[in-house]
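Here are the chains, one letter per residue:
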Amino acid sequence: AYPHAMSKPVIEQFPLGGFQTNCYVVRIPGEAGAAGEPCWVIDPGEDPRRVIEHLRSVGLQPSHILLTHAHADHIAGLDAVSAAFPQAKVLLHSAEHAFLEDPQLNLSAFIGMPISVRGADGAVADGDRLRLGSTEWRVLHTPGHSPGSVTLVCDAAGEAMVGDTLFAGSIGRVDFPTSNPSHMHRSLHEVLMTLPDTVRVHPGHGPSTTIGAERRSNPWLQGDGWAEDE
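What counts and what doesn't
- Residues numbered from 1 in each chain as written.
- Predicted model: local features only at pLDDT ≥ 70, side-chain atom pairs only at ≥ 80, totals over all residues.
- Heavy atoms only, no water.
- Helix = DSSP H or I, 4+ residues; strand = E, 2+ residues; numbered from the N terminus.
- Rg over C-alpha atoms; globule rule 2.2 N^0.38 Å.
- Buried < 20%, exposed > 50% of the residue type's maximum accessible area, 1.4 Å probe, protein only.
- Contact = heavy atoms within 4.5 Å.
- Areas by Shrake-Rupley, 256 points an atom, 1.4 Å probe, with all protein chains shown as cover.
- Lys, Arg positive; Asp, Glu negative; His and termini not counted.
- Charge placed at Lys NZ, Arg CZ, Asp CG, Glu CD.
- Pairing = 2+ DSSP bridges.
- Arc of directions from axis to C-beta.
- Salt bridge = Lys/Arg side-chain N within 4 Å of Asp/Glu carboxyl O.
- Axes fitted to C-alpha atoms, helices over the stretch in contact; angles between N-to-C directions.
- 1 Å grid on protein atoms, 1.4 Å probe; cavity = no way out; pocket = protein on both sides within 12 Å on 5 of 7 lines; lining within 4 Å.
- Points joined across faces, edges and corners; volume = space filled by probe spheres on them.
- Nonpolar A, V, L, I, M, F, W, Y, C, P; charged D, E, K, R; others polar.
- Phe/Tyr/Trp six-rings, centres within 6.5 Å; stacked < 30°, edge-to-face > 60°.
- Lys NZ or Arg CZ within 6 Å of the ring centre and 35° of its normal.

A word on the overall build of the protein chain. A count of helices and strands for the protein chain gives six helices and 14 strands. Computed over its C-alpha atoms, the radius of gyration of the protein chain comes to 17 Å, within 12% of the 17 Å expected for a compact globule of 230 residues. Expressed as a percentage of the 230 residues in the protein chain, the buried residues total 51%. Counting only contacts in the protein chain whose residues sit at least 6 apart along the sequence, the fraction spanning at least 24 positions is 60%. Surface summary for the protein chain: the accessible area is close to 9700 Å², and the carbon and sulfur share equals 54%. Taking the average place of the 15 positive charges on the side chains of the protein chain and the average place of its 27 negative ones, the gap between the two points comes to 7 Å.

Below is the structure:
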């Protein structure tokens with residue numbers, strides 16, 4: 001049941017750049033304050049003009065830019081969005097603060113397009129609770145694809161922003177230099193799969209899905225041995 005005092009978050013998806021990385025605008029309609037509706041931008045990827053134009057056209061002023069992790073395709077548009085909305089605080093897990101300015105760590109060097117972006121304003125850590133309007137979101141540390149990957153869960157609304165930890169029918173890669181297959185196994189089985197089946201999953205690439213659909217049909221969640229075999 002959704003508390004009457006709390007508006008339901010609206011989650012808008014913008015696939016950006018060559019990797020079609022999902023940037024999300026999360027907003028709470030009907031709770032306009034001095035700065036308009038409360039909203040966040042999550043994972044501003046390459047060429048975020050559509051996102052910036054959308055925010056301006058509906059009069060939104062994001063309070064935060066949240067990064068599920070700091071691989072190049074999720075941060076390439078950070079400077080542009082930050083310049084357009086300078087009041088928005090940039091937050092990500094402390095394990096990846098150095099990734100923002102290091103093309104080796106953020107993997108952009110490996111595709112021959114090294115990028116370095118602005119630094120973080122603060123960190124999120126496992127167990128933190130973030131407020132967006134009247135909604136509360138839990139931070140879950142879900143490393144594996146990268147050391148500082150996080151998932152943001154709004155329990156009351158049944159919504160989860162999972163970055164590249166889980167996709168519809170697949171999972172994020174674990175063969176990058178800072179990936180860890182056993183950590184990924186734990187994040188999937190012991191963290192994400194403890195969420196209710198009805199939770200909607202909004203991944204870093206591809207369509208949204210649910211925890212239940214992935215529990216039943218995602219090949220990486222059937223059986224237990226894959227991480228140890230890597």
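The six strands are arranged E7-E8-E9-E10-E13-E14 in an open sheet whose pairing can be described as mixed. The open sheet has two free edges, formed respectively by strand E7 (129-132) and strand E14 (209-210), since each of these has just one partner strand. Two elements, strand E9 (residues 150-154) and strand E10 (residues 159-163), share three bridges in a ladder whose sense is antiparallel. Note on E10: the bridge partner recorded for Leu 152 is Met 161.

For the rest of this paragraph, the subject is helix H4 (residues 181-191). Listing the buried residues of H4 in full gives Pro 181, Met 184, His 185, Ser 187 and Leu 188. For H4, the arc enclosing every buried residue in end-on projection is 165°, short of the 170-degree limit, so these residues lie on one face.

Let's shift gears to the side chain of Asp 73. With respect to the helices and strands, the residue Asp 73 is situated in helix H2 (residues 72-75). Buried and unpaired, Asp 73 has Arg 173 as its nearest opposite-charge partner, separated by 9.6 Å. Apart from the residues lying within four places of it in its own chain, the contact partners of Asp 73 are Phe 19, Thr 21, Gly 45, Glu 46, Asp 164 and His 205.

Glancing now at the sheet that holds strand E4 (residues 64-66). Spatially, six strands are ordered E1-E2-E3-E4-E5-E6 in an open sheet, and the strand pairing comes out mixed. Taken across any chain shown, the strands that pair with only one partner, and hence form the sheet edges, are strand E1 (10-16) and strand E6 (122-124). Taking the axes of each pair of neighbouring strands and ignoring which way they run, one obtains an average angle of 25° across the sheet. The sheet contact formed by strand E3 (residues 39-42) and E4 spans three bridges and is parallel. Bridge pairing links Trp 40 to His 64 in E4.

The next subject is the environment of Gly 133. Mapped onto the elements, Gly 133 comes out in the loop between E7 and strand E8 (135-141). A C-alpha to C-alpha distance of 25 Å links Gly 133 and Asp 79, two positions 54 residues apart in sequence. Leaving out residues up to four positions away in the same chain, Gly 133 has contacts with Glu 31 and Pro 38.

Attention now moves to the layout of surface pockets. The computed volume of the largest pocket comes to approximately 390 Å³. What lines the largest pocket is a set of 18 residues, and nearest its centre among them are Phe 19, Asp 73, Leu 107, Arg 173 and Phe 176. Residue classes in the lining of the largest pocket are distributed as nine nonpolar, six polar and three charged. The computed volume of the second largest pocket comes to approximately 170 Å³. Residue lining of the second largest pocket: Gly 18, Phe 19, Glu 46, Ala 72, Asp 73, Ala 76, Ser 108, Ile 111, Met 113 and Ile 115, and that is the complete set.

Moving on: the pattern of salt bridges. With the rule as written, the count across this model stands at nine salt bridges. The partner of Arg 138 in a salt bridge is Asp 155, with the nearest N and O atoms 2.7 Å apart. Linking Arg 138 in strand E8 with Asp 155 in the loop between E9 and E10, this pair joins segments that are 17 residues apart in sequence. Using a relative accessible area of 22% as the deciding quantity, one classes Arg 138 as partly exposed. The partner of Asp 175 in a salt bridge is Arg 173, and the shortest N-O contact between them spans 2.9 Å.

Using the criterion set out here, one finds one aromatic pair in the structure. The lysine or arginine in question, Arg 56, covers the ring of Phe 85, its NZ or CZ lying 5.9 Å from the ring centre.

Moving on to helix H1 (residues 49-57). Turning to H1, its buried residues are Val 51, Ile 52, His 54 and Leu 55. For H1, the arc enclosing every buried residue in end-on projection is 160°, short of the 170-degree limit, so these residues lie on one face. In H1, the exposed residues that point more than 90 degrees away from the buried face are Arg 49, Glu 53, Arg 56 and Ser 57. Residues of H1 that are buried sit in contact with E1, strand E2 (21-27), E3 and helix H3 (78-84). Looking one or two residues beyond H1, the residue adopting positive phi is Gly 59, at roughly 70°.

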